[in-house]
Amino acid sequence: MTREPGVREGLDERALLLAAGLADLAVSTLSTGLGAVRGLLRRSDAAEVAAEAERDLEARGRLVLDRYAAPPPAYLEVLARHVLARRADRDV
């Protein structure tokens, strides 16, 4: 799919190019991932590697939940604590 110099691409052509690029990226990522999985299966310590990967995934999941599930602290509460801390420092 070549284009002549100076000719603008249409939206349909751009969408097709983006989809083809995304598909190529997905295929290359999958093939790299499958190669890594094959390499892991050949290892003698595959059970330990799998257990470590499971712990890492749990920790990552915990971080994601902490980041997005916890509500942010109340702004006025934080401000009040700063004021109280400054007053306590001033009175000492």
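Up top is the structure.
Let me sum up the structure you'll find in this document. Predicted model only: the values in this text are computed from it and were never measured. (Residues numbered from 1 in each chain as written. Predicted model: local features only at pLDDT ≥ 70, side-chain atom pairs only at ≥ 80, totals over all residues. Heavy atoms only, no water.)

### Considerations on the overall build of the protein
Threshold: Starting at the N terminus, helices and strands are each numbered in turn, a helix being any DSSP run of H or I of at least four residues and a strand any DSSP run of E of at least two. Note on areas: these come from Shrake-Rupley sampling with a 1.4 Å probe, and a residue is covered only by the protein chains present in the view. Only four residue types enter the charge count, namely Lys and Arg as positive and Asp and Glu as negative; His and the chain termini do not. The location of each charge is read from NZ of Lys, CZ of Arg, CG of Asp or CD of Glu.
Helix and strand counts for the protein stand at three helices and zero strands. If you list the helices and strands of the protein from N to C, you get α-α-α. Overall, the protein is about 75 × 55 × 20 Å in size when its C-alpha atoms are taken along their principal axes. Counting only carbon and sulfur atoms, one obtains 61% of the accessible surface of the protein, whose full area is about 8800 Å². Across the protein, the mean location of the 14 positive side-chain charges is 5 Å away from that of the 15 negative side-chain charges.

### With respect to the pattern of salt bridges
Our working rule: Put simply, a salt bridge is a Lys or Arg side-chain nitrogen that is within 4 Å of an Asp or Glu carboxyl oxygen. A 1.4 Å probe rolled over the protein chains alone gives each residue an accessible area, and that area as a share of the maximum for its type sets the label: buried under 20%, exposed over 50%, partly exposed in between.
Per the counting criterion, the structure on display carries two salt bridges. Between arginine 81 and glutamate 77 there is a salt bridge; the shortest N-O distance is 3.3 Å. Of this pair, arginine 81 and glutamate 77 both sit in helix α3 (residues 75-91), four residues apart, roughly one helical turn. Notably, a salt bridge pairs aspartate 91 with arginine 90, separated by 3.9 Å at the nearest N-O pair. With respect to burial, aspartate 91 and arginine 90 carry one shared label: exposed.

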